[in-house]
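# Close look at the chain arrangement
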Amino acid sequence: MTDYILALDQGTTSSRAILFDHAGRPCGSAAQEFPQHYPQPGWVEHDPDDLWTSQLAVARQVLREARVRPDQVRAIGIANQRETTVLWERATGRAVAPAIVWQDRRTADACDALRAAGHADTIRARTGLELDAYFSATKLAWLLDHVPGARERAEKGELCFGTVDSWLAYKLCGAHVTDASNAARTMLFNIHQLRWDDGLLALFGIPPSLLPAVVPSSADVGMTHADLFGAPIAVAGIAGDQQAATFGQACHQPGMVKNTYGTGCFMLMHAGGTPAVSHQRLLSTVGWRLQEASQPCYLLEGSVFMGGATVQWLRDGLGIIRTSGDVEALASSVPDSGGVLLVPAFVGLGAPHWDPYARGTIVGLTRGSTAAHIARAAVEAIAYQSAELLTAMQRDAAQPVLEVRADGGAARNDLLMQFQADLLGVPVLRPAVTETTALGAAYLAGLAVGFWADCQEIAAQWRCARRFEPAMPADRRQALLDRWARAVARAKDWEAPL
Ligand SMILES: Nc1ncnc2c1ncn2[C@@H]1O[C@H](COP(=O)(O)OP(=O)(O)O)[C@@H](O)[C@H]1O
Ligand SMILES: O=P(O)(O)OC[C@H](O)CO
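Anyway, here's the lowdown on the structure attached to this text. Nothing here was measured: the structure is a model prediction, and the numbers come from that model. (Residues numbered from 1 in each chain as written. Chains lettered and ligands numbered in written order. Predicted model: local features only at pLDDT ≥ 70, side-chain atom pairs only at ≥ 80, totals over all residues. Heavy atoms only, no water.)

## Let's talk about the sheet that holds strand 22 (residues 428–431)
- With mixed pairing, the 7 strands of this open sheet are ordered in space as 17-18-16-15-21-22-23. This sheet does not close on itself; its edge strands, each paired only once, are strand 17 (283–288) and strand 23 (464–468). On average, each strand axis in the sheet is tilted by 30° relative to the strand beside it, whichever way the strands run. (Pairing = 2+ DSSP bridges. Helix = DSSP H or I, 4+ residues; strand = E, 2+ residues; numbered from the N terminus. Axes fitted to C-alpha atoms, helices over the stretch in contact; angles between N-to-C directions.)

Encoded structure:
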């Protein structure tokens, strides 16, 4: 009888469930998209019930389709979109408001006020984060201030806060928990002391009773309620999706880098056993903490808010492609973007700019510009933004990066991967398993239950499927990057009340 690990990958646009065998091979998968809600410009919400029901549905589907019984699943690992903020009733497990998604900008002014009051440096020093609406703290404060009765109920201990991992763990097994990789994204967690920071809780006005317990990323979380899958299954791994992908890409040694091309783009570098210090406005974050007593791994991160989502906008906003995959053919139908540049600052700009008031911009249009040029500019924009991250990362690390391991939905796009290698000037490696987020969650859960012995065994399973070598002359690369910088300057600091 074969045993498996079931990975749940709750992403921004879809919930996925993937079964992995002992060789780290995906043996079945299911995915479901769920609705995105944009109730006001700059706001992005999810219905917490959609996150849970879609996640449960795909988990059940993959077991059914692969004909795997619950007793063959040694453990479940959870990876999740990070920062997204859920508030629910402790007694009933009912959400009291829509989830505020990481891309949501509604608390930009609250961040401005904290910055003006001089709190940015303290926040960076304790949490490793830039003061920005991206993170959970101001989102949670907003919910407490705007959902009728929420603050009062929170003070009485009636409510639970969690990022999506906590929400799913609560639904799966009734435990109110998170792990350090997710806690580190709330802006309430001290990454040096690895605990919730009393001073920050006071600063943001967050009652401590709302907070989940912080458990290791690879540990016994609890057993699923028996009725969910027909028999209880152990939940034994939790990590934010980008940290999970870094683990799944076997970036286990300092200096190793992965970039995930999903809704956003997230480049992470292994920084060793102590928090990295960034002078380039990158984030210093917790990667994973395998066991309670073990030394955590820290990462340096560059976060780009619109990656593959730019392609979704071509599909849903402009209607110039039918599926995201169609973008490659359309973009390849022209030799270059014809001088068109698209800066996808639809929800502001993340690292290294951190400008919540930047907005999407298309420059360089001429009478000859076509949908194909815009499609090409959109694909190239994903690579340009990631190139800015690598430049910043190499400066911070004071060492050259030798290769970048790529994954995520948009990493399927060969045109993007080649342009990325050209712009970075380093090889881009696409692994055999591109669902590395799910794989990382599976590895974390599998390590906890002895399905895999150690990180060496995991690293030995990593296989490169295709290597994209840089082929662009250095002077051309620099000229393109300089032109990109001019386009970004035009997108910045745009949004202002009329
Ligand atoms: N061939 C492609 N070229 C470019 N982008 C793509 C392609 N296929 C999928 N995408 C984009 O990848 C994203 C989905 O990737 P995924 O890793 O599933 O994201 P997430 O985990 O954020 O939900 C979508 O934004 C989609 O537009
Ligand atoms: O849903 P993804 O894969 O784009 O990841 C979202 C990130 O976790 C946000 O920080």
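Anyway, onward from the coordinates.
## Concerning the site of ligand 2
- By nearness alone, every residue bordering ligand 2 is listed as Gly 11, Thr 12, Gln 81, Arg 82, Glu 83, Trp 102, Tyr 134, Asp 241, Gln 242, Thr 263, Gly 264 and Phe 266.
- Within the side chain of Gln 242, a nitrogen or oxygen atom sits 3.3 Å from an oxygen atom of ligand 2.
- Between Thr 263 and ligand 2, the recorded distance is 3.4 Å, taken from a backbone N or O atom to an oxygen atom.
- Considering ligand 2 on its own, with 310 Å² of exposed area, one finds that the protein chains cover 94% of that surface.
- Residue composition of the shell around ligand 2, by class: 3 nonpolar, 6 polar and 3 charged. (Near = heavy atom within 4 Å. Polar contact = N/O pair within 3.5 Å; in protein donor to acceptor, adjacent residues only side chain to side chain. Areas by Shrake-Rupley, 256 points an atom, 1.4 Å probe, with all protein chains shown as cover. Nonpolar A, V, L, I, M, F, W, Y, C, P; charged D, E, K, R; others polar.)

## Things to note about the pairing of strand 1 (residues 4–10)
- Most of strand 1 is tucked away: 7 of the 7 residues are buried.
- Here strand 1 shows no split at all, with Tyr 4, Leu 6, Leu 8 and Gln 10 on one side and Ile 5, Ala 7 and Asp 9 on the other all buried.
- Across 7 bridges, the pairing between strand 1 and strand 5 (residues 73–80) is parallel. Paired with Ala 7 across the bridge in strand 5 is Gly 77.
- In this structure, strand 1 lies alongside strand 2 (residues 14–20), joined through 6 bridges in antiparallel fashion. By the bridge assignment for strand 2, Ala 7 is matched with Ile 18. (Buried < 20%, exposed > 50% of the residue type's maximum accessible area, 1.4 Å probe, protein only.)

## Some words on the packing of aromatic side chains
- Overall, the coordinates contain 18 aromatic pairs when judged by the stated rule.
- With centroids separated by 5.6 Å and ring planes inclined at 65°, the aromatic side chains of Trp 102 and Phe 266 adopt a geometry described as edge-to-face. Separated by 164 residues along the polypeptide, Trp 102 in the loop between strand 7 (99–100) and helix 2 (108–116) and Phe 266 in strand 16 (residues 265–272) bring together distant segments of the chain. Note on accessibility: Trp 102 and Phe 266 belong to one class, buried.
- We note Arg 82 situated over the ring of Phe 266; from NZ or CZ to the ring centre the distance is 5.2 Å.
- In this structure, Arg 106 packs its charged tip against the face of Trp 43, placed 3.7 Å from the ring centre. (Phe/Tyr/Trp six-rings, centres within 6.5 Å; stacked < 30°, edge-to-face > 60°. Lys NZ or Arg CZ within 6 Å of the ring centre and 35° of its normal.)

## Details of the sheet that holds strand 1
- Ordered by their spatial adjacency, 6 strands build an open sheet running 3-2-1-5-14-13, and the pairing between neighbours is mixed. Two strands lie at the open edges of the sheet, namely strand 3 (26–33) and strand 13 (218–223), each paired on one side alone. Looking at each pair of strands side by side, their axes are set apart by 25° on average, direction ignored.
- As paired elements, strand 5 and strand 14 (residues 234–240) share 5 bridges and run parallel to each other. Bridged to Ile 76 within strand 14 is Val 235.
- Each of strand 1, strand 5 and strand 14 is contacted by helix 10 (residues 241–248), which is oriented at about 100° to strand 14, the strand it contacts most.
- Packed on one face of the sheet, helix 15 (residues 436–448) meets strand 1, strand 2, strand 5, strand 13 and strand 14 and runs near 135° to strand 1. (Contact = heavy atoms within 4.5 Å.)

## With respect to the site of ligand 1
- The environment of ligand 1 is formed by 18 residues, the closest being Thr 13, Arg 16, Thr 263, Ser 324 and Gly 409.
- One of the side-chain N or O atoms of Arg 16 is found 2.7 Å from an oxygen atom in ligand 1.
- Against a free-state accessible area of 580 Å², the protein chains account for coverage of 88% of ligand 1.
- Within the residue set of the shell around ligand 1, elements represented by two or more residues are strand 2 and helix 11 (308–318).
- Examining the composition of the shell around ligand 1, we find that 4 residues originate from one element, helix 11, more than from any other.

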